[in-house]
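Structural characterization, general
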Amino acid sequence: MLILGIESTAKAASVALWRDGEMLALNYQRTALTHSRTLLPMAESMLANTGLTPEEIDCVAVAQGPGSFTGVRIGVATAKGLCWAAEKPAVGVSTLEAMAHLALGAAEGELICPAMDARRQQVYAALFEKKGGLTRLCPDRAVDAGELAEEIRRSGRRVYVLGDGWAVMEEALKKAGVECAVAAEALRYQNAWGVCCAAAGKNPQSAETLLPIYLRLSQAERERQERLSKENT
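Overview of the structure. Just so you know, the residues in each chain are numbered from 1, in the order the chain's sequence is written. Where totals are concerned, whole chains, interfaces and linings use all residues; where local detail is concerned, this predicted model gives features only for residues with pLDDT of at least 70, and gives and counts side-chain atom pairs only at 80 or more. The basis for the side-chain values is all heavy atoms of the structure; hydrogens and waters are excluded.

Considering the pattern of salt bridges
Salt bridge, as used here: a side-chain nitrogen of Lys or Arg that lies within 4 Å of a carboxyl oxygen of Asp or Glu. Inspection of every chain in the model, using the stated rule, returns ten salt bridges. In this structure, E151 and R141 form a salt bridge, with 2.9 Å as the shortest nitrogen-oxygen distance. Here the residue E151 occupies a position in helix α4 (residues 145–155), and R141 occupies one in strand β10 (residues 141–144), the gap between them amounting to ten residues. Only protein chains enter the area calculation, which uses a 1.4 Å probe; residues under 20% of their type maximum are buried, those over 50% are exposed, and those in between are partly exposed. The exposure class of E151 is partly exposed, given its relative accessible area of 28%. Two residues, R158 and E179, come together in a salt bridge whose shortest N-O distance is 3.1 Å. Placement of the pair is R158 in the loop between α4 and β11 (159–162) and E179 in the loop between α5 (166–175) and β12 (180–182), with a sequence separation of 21 residues. Relative accessible area serves as the criterion here: at 53%, E179 is assigned to the exposed category. Several salt bridges converge on common partners, so that one network encompasses E110, R158 and E179. Helix and strand definitions follow DSSP, with helices as H or I runs of at least four residues and strands as E runs of at least two, each counted in order from the N terminus.

If you want it as structure tokens, here you go:
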């Protein structure tokens with residue numbers, strides 16, 4: 001199985017090629033350029049440098065959220081475009097599950113907490129367990145960092161944290177008296193290699209079924225609801 005993976009849910013953009021558990025290539029960029037300018041050229045150059053064509057890919061995998069509203073939309077739109085052009089199926093994966101696959105430094109039996117900064121002391125987060133493979137313990141959610149830290153404290157277990165919400169979670173965990181470890185910077189942030197790992201074993205679907213997953217309303221939608229609520233009172 002040859003998978004082209006796409007990750008654009010936060011500041012970094014990346015694409016990867018994965019074949020039966022082996023990473024063939026990874027193109028990663030964390031600059032101020034918008035993902036709409038970088039993703040396709042990155043994918044095209046990666047394919048050219050590996051001597052592969054879109055027609056040789058078995059499917060396109062993409063992180064479909066949670067994450068930046070704009071970044072998620074760009075990633076999903078890019079995946080759809082590649083699938084339709086090459087007539088290939090797609091696999092959408094959770095950003096947080098893809099991040100959990102990057103927790104190579106976690107000890108066996110340790111909790112894994114991928115966390116993305118959702119602002120206002122909230123994080124997009126989930127919990128996984130490393131026990132032979134990777135086991136999901138709860139759904140993706142937008143949650144207060146302090147509440148999540150208290151939940152982890154009650155489990156009585158050590159936790160391994162990664163993602164751009166690591167600083168928020170580390171502070172909350174220390175306040176709750178929870179022992180934690182933070183991933184090394186090279187493995188701390190999401191990338192397309194994790195997307196490929198999360199997509200492995202999942203059944204590809206038509207690109208038409210691929211949709212973004214946001215977990216909560218955008219700031220514009222929240223402000224609109226607040227304005228309508230005030231107008232109706």
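Quick look at the packing of aromatic side chains
For Phe, Tyr and Trp, where Trp contributes only its six-membered ring, two rings pair if their centres lie within 6.5 Å, and the inter-plane angle classes them as stacked under 30 degrees, edge-to-face over 60, or tilted in between. Evaluated as defined, the whole model comprises one aromatic pair. Between F69 and Y214, the aromatic rings sit 4.8 Å apart at their centres with planes inclined by 25 degrees, giving stacked as the arrangement. Of the two residues, F69 is situated in helix α2 (residues 69–86) and Y214 in the loop between α6 (192–199) and α7 (219–231); the sequence distance between them amounts to 145 residues. Look at F69 and you get buried, because its relative accessible area is 17%. Since its relative accessible area comes to 23%, Y214 is described here as partly exposed. By definition here, charges over rings are those cases where NZ of Lys or CZ of Arg is within 6 Å of the ring centre and within 35 degrees of the ring normal. Over the aromatic face of Y189 sits the side chain of R30, whose NZ or CZ is 4.9 Å from the ring centroid. Of note, R188 hangs over the ring of W166, and the distance from its end group to the ring centre comes to 4.5 Å.

Observations regarding the environment of E22
By the element assignment, E22 lies in strand β3 (residues 22–29). Look at E22 and you get partly exposed, because its relative accessible area is 49%. Put simply, E22 and G67 are 45 residues apart on the chain and 26 Å apart in space, counted from C-alpha to C-alpha. If we skip the residues at most four places from it in the chain, E22 touches L17 and W193. Only heavy atoms enter the contact rule, under which two residues are in contact if any of them lie within 4.5 Å.

What to know about the pairing of strand β4 (residues 59–63)
Here β4 lies mainly inside the structure; five of its five residues are buried. Only strands joined by at least two bridges in the DSSP assignment are considered to pair. Pairing analysis gives four bridges linking strand β1 (residues 2–7) to β4, with the strands arranged parallel. The residue of β4 that forms the bridge with I6 is V62. Pairing analysis gives four bridges linking β4 to strand β5 (residues 90–93), with the strands arranged parallel. In the sheet register, A63 faces β5, and the bridge partner there is V93. Consider the strands pointing away from the viewer: the crossover is right-handed when the path from the first strand over the helix to the second runs clockwise. For the segment spanning β4, α2 and β5, crossover handedness is right-handed.

A few points about the side chain of K80
Locating K80 in the fold gives a position in helix α2. Definition of a polar contact: a pair of N or O atoms within 3.5 Å, with one able to donate and the other able to accept a hydrogen when the atoms are protein atoms, and with sequence-neighbouring residues admitted only if both atoms are side-chain atoms. Only 2.7 Å separates the side chain of K80 from the backbone oxygen of A207, close enough to count as a polar contact. The contacts of K80, once residues within four sequence positions are left out, are A207, E208 and L210.

Looking at the packing of α4 against α5
To obtain an axis, a line is fitted to C-alpha atoms, over the contacting stretch when the element is a helix, and the angle between two such axes runs from 0 to 180 degrees between their N-to-C directions. Two elements in contact, α4 and α5, have axes whose closest approach is 8 Å; the angle formed by their N-to-C orientations is 55 degrees. Between α4 and α5, the angle is such that the two are oblique. Remark: the crossing between α4 and α5 carries right-handed chirality. Within the contact between the two elements, α4 uses A145, G146, L148, A149 and I152 and α5 uses V168, M169, A172 and L173. Amino acids are sorted into nonpolar (Ala, Val, Leu, Ile, Met, Phe, Trp, Tyr, Cys and Pro), charged (Asp, Glu, Lys and Arg) and polar (every other residue, Gly among them). Class assignment of the residues belonging to the contact of α4 with α5 gives a composition of eight nonpolar, one polar and no charged. Any angle between 65 and 115 degrees counts as roughly perpendicular, while under 35 counts as roughly parallel, over 145 as roughly antiparallel, and the rest as oblique. Crossing handedness is read from the near helix: turned anticlockwise from the far helix by less than a right angle, it gives a left-handed crossing, and turned clockwise, a right-handed one.

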